[in-house]
Amino acid sequence: MEADTREQVSRILADYDPAVPRATADALRQLWLQFEPTSMAGIRAELREQQETVGIPVEALRAIGGDVGRTARKRVPAFEPLMQLLWDAYGREGRVVAAVALGAMELADPKRILPLLMALCRSCVSWEDADQMAMRAVEPVVRKDAERWLPAMEAWLDDGNKWVQRAGVTVVGRLAMKHPIYTQRCLDLAGRLLSATDRDVQRAVSFAIRVAARGEIAPVRNFLARHVPPDDPAATWVLCDAIRSMTRRYLPEFAPLLARYERWAANPSLGARDRRSVESAVSVLRGA
């Protein structure tokens, strides 16, 4: 099926005209609709109403996007209209295909494509949009040349749009996982959003802290020790979820933090919800 898909994508792109991208986008849509959809039970109804969501497996969409990217990276400006259209008008499936193809285009011309990625990210409607943008489109060039492109993530973290922030901090956390030497720098960057109040951003910050532990554990442990208890109560959920959701085999490395979390849990000024959050982290650390 993989070879057949590649041949079909090649035929579709052979007729691509940047002035009329919809014909190519329609043909790509017909291609991904050939795949059997998976269950959409986990996708909220309001999200399905906001954008077309068929439920095509991500693996199939990534394969199509990868094939498109192999051609698009050779003609980056010409393929921008197609990527814009797939993202704007072809629903969840079009966005995954576009994100993967844009990753290849970004590697070919990062100065041109990275600003486009930020602009597209502002129109995300779900965490999946933002995470696919982060992992498939933005991350490749940051992982390839971190010294040059990691500083560019500061603008994403400081942006006022929550999806741009989520995508940026996801890239930062995953870089530490791939390149442990950057763990401390990535934690420092993620810390810029430690007091974010939006739950979609908070979940991404917690993820970034936890996944950074796959790079180096000591900086992550020190990061948590430095911020527990937090100066800003908004950071409470993140600092507790980072422990609650930590990879289980790493938890013994975080046992020295137990006393800090216990003292925090004993603080009489904690609200009921925050207290439950801290106590759940204490319970996890005691089990470690």
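Up top you'll find the structure we're talking about.
Residues numbered from 1 in each chain as written. Predicted model: local features only at pLDDT ≥ 70, side-chain atom pairs only at ≥ 80, totals over all residues. Heavy atoms only, no water.

**What about the pattern of salt bridges?**
In step 1: All told, the structure shown has 21 salt bridges when counted by the stated rule.
In step 2: Salt-bridge contacts for R192 lead to E154; the nearest nitrogen and oxygen are separated by 3.8 Å. Residue R192 is located in the loop between α12 (183–190) and α13 (199–212), and its partner E154 is located in helix α10 (residues 153–157); the two are separated by 38 residues in the primary sequence.
In step 3: Note that D200 is salt-bridged to K162, the shortest N-O span being 2.7 Å. Within this pair, whereas D200 is found in helix α13, its partner K162 is found in helix α11 (residues 162–178), the two being separated by 38 residues in sequence.
In step 4: The structure contains a network of salt bridges with shared partners spanning R6, D67 and R70. (Salt bridge = Lys/Arg side-chain N within 4 Å of Asp/Glu carboxyl O. Helix = DSSP H or I, 4+ residues; strand = E, 2+ residues; numbered from the N terminus.)

**Things to note about the nonpolar core**
General note: in soluble globular proteins, nonpolar side chains tend to be found buried as a group.
In step 1: In terms of nonpolar packing, the biggest core is built from 104 residues, with L86, L102, W156, L224, F254 and Y261 touching the most fellow members.
In step 2: Setting aside residues up to four positions removed in sequence, L224 forms contacts with I209, L239, A242, I243, F254, L257 and Y261. (Core = buried A, V, L, I, M, F, W, Y, C linked by side-chain atoms within 4.5 Å. Buried < 20%, exposed > 50% of the residue type's maximum accessible area, 1.4 Å probe, protein only. Contact = heavy atoms within 4.5 Å.)

**With respect to the packing of helix α2 (residues 21–32) against helix α4 (residues 58–72)**
In step 1: It is at 10 Å that the axes of α2 and α4 come closest, and there the two elements cross at 145°. Our pair here, α2 against α4, has a crossing hand that is right-handed. Between α2 and α4, the residues in contact are L28, L31 and W32 and L61, I64 and V68, respectively. (Axes fitted to C-alpha atoms, helices over the stretch in contact; angles between N-to-C directions. Left-handed = near helix turned anticlockwise from the far one by under 90°.)

**Here we look at the environment of D88**
In step 1: Among the structural elements, D88 can be located in helix α5 (residues 76–89).
In step 2: For the pair formed by D88 and L120, sequence separation is 32 residues and the distance between their alpha carbons is 8.2 Å.
In step 3: A polar side-chain atom of D88 sits 2.9 Å from a polar atom in the side chain of Q84. (Polar contact = N/O pair within 3.5 Å; in protein donor to acceptor, adjacent residues only side chain to side chain.)

**Points about α13**
In step 1: With 14 residues, α13 ought to run about 20 Å at 1.5 Å a step, and its terminal C-alpha atoms sit 20 Å apart, in line with that.
In step 2: Burial analysis of α13 places 11 of its 14 residues in the buried class, the great majority of the element.
In step 3: All of the buried residues in α13 are D200, V201, Q202, A204, V205, S206, A208, I209, R210, V211 and A212.
In step 4: For α13, the secondary structure elements touched by its buried residues are α8 (127–144), α11, α12, α14 (217–227) and α15 (236–244).
In step 5: Its side-chain oxygen placed 2.9 Å from the backbone nitrogen of D200, D198 serves as the N-cap of α13. (Expected span 1.5 Å × (residues − 1).)

**Describing the side chain of E80**
In step 1: Take E80: it is sitting in helix α5.
In step 2: The residues touching E80, leaving out its near neighbours within four places in the chain, are M105, R112, I113 and L116.

**Overview of unusual backbone geometry**
In step 1: Going from V228 to P229, the amide bond is cis rather than trans, its omega being -5°.
In step 2: Position of P229 relative to the elements: it lies in the loop between α14 and α15.

**Focus: the packing of α13 against α15**
In step 1: Orientation of α13 relative to α15, taken along the N-to-C sense of each, is 40°, at an axis distance of 9 Å. As summarised for this structure, α13 and α15 are arranged oblique, according to the angle between their axes. Considering only the axes of α13 and α15, their crossing is right-handed. Contacts from R199, Q202, R203, V205, S206, I209 and R210 of α13 reach α15 at W237, V238, D241 and A242.
In step 2: Residue composition of the contact of α13 with α15, grouped by class: five nonpolar, two polar and four charged. (Parallel < 35°, antiparallel > 145°, perpendicular 65-115°, else oblique. Nonpolar A, V, L, I, M, F, W, Y, C, P; charged D, E, K, R; others polar.)

**Comments concerning a positive patch on the surface**
In step 1: The grouping of R199, R203, R273 and R276 at the surface amounts to a positive patch.
In step 2: Of all elements in the fold, only α13 and α17 (272–287) reach the threshold of two or more residues within the positive patch.
In step 3: With respect to the helices and strands, R199 occurs in helix α13.
In step 4: A relative accessible area of 34% means that R199 is categorised as partly exposed. (Patch = residues over 30% accessible without salt bridge, like charges linked within 9 Å, V, L, I, M, F, W, Y side chains within 5 Å. Areas by Shrake-Rupley, 256 points an atom, 1.4 Å probe, with all protein chains shown as cover. Lys, Arg positive; Asp, Glu negative; His and termini not counted. Charge placed at Lys NZ, Arg CZ, Asp CG, Glu CD.)

**A few points about the side chain of D159**
In step 1: With respect to the element layout, D159 can be found in the loop between α10 and α11.
In step 2: Here N161 takes part through its backbone nitrogen, which lies 2.9 Å from a polar atom of the side chain of D159.
In step 3: In this structure D159 touches M118, R122, V164 and Q165, once residues within four positions along its chain are discounted.

**Some remarks on helix α7 (residues 110–121)**
In step 1: Helix length check: α7, at 12 residues, gives a terminal C-alpha distance of 16 Å against a target of 16 Å (1.5 Å per residue), a fit within 8%.
In step 2: By the burial criterion, the buried members of α7 are P110, I113, L114, L116, L117, M118, L120 and C121.
In step 3: On the buried face of α7, the contacting elements are α5, α6 (91–108), α8, α9 (146–149), α10 and α11.

**Considering the packing of aromatic side chains**
In step 1: Tallied over the full model, the rule gives two aromatic pairs.
In step 2: Ring centres of Y261 and W264 lie 5.8 Å apart, and the angle between their planes is 50°; this geometry places the pair in the tilted category. A residue pair is termed a helical-turn pair when its members lie 3 or 4 positions apart in one helix, as Y261 and W264 do in helix α16 (residues 258–265) at three residues. When sorted by exposure, Y261 lands in the same class as W264, which is buried. (Phe/Tyr/Trp six-rings, centres within 6.5 Å; stacked < 30°, edge-to-face > 60°.)

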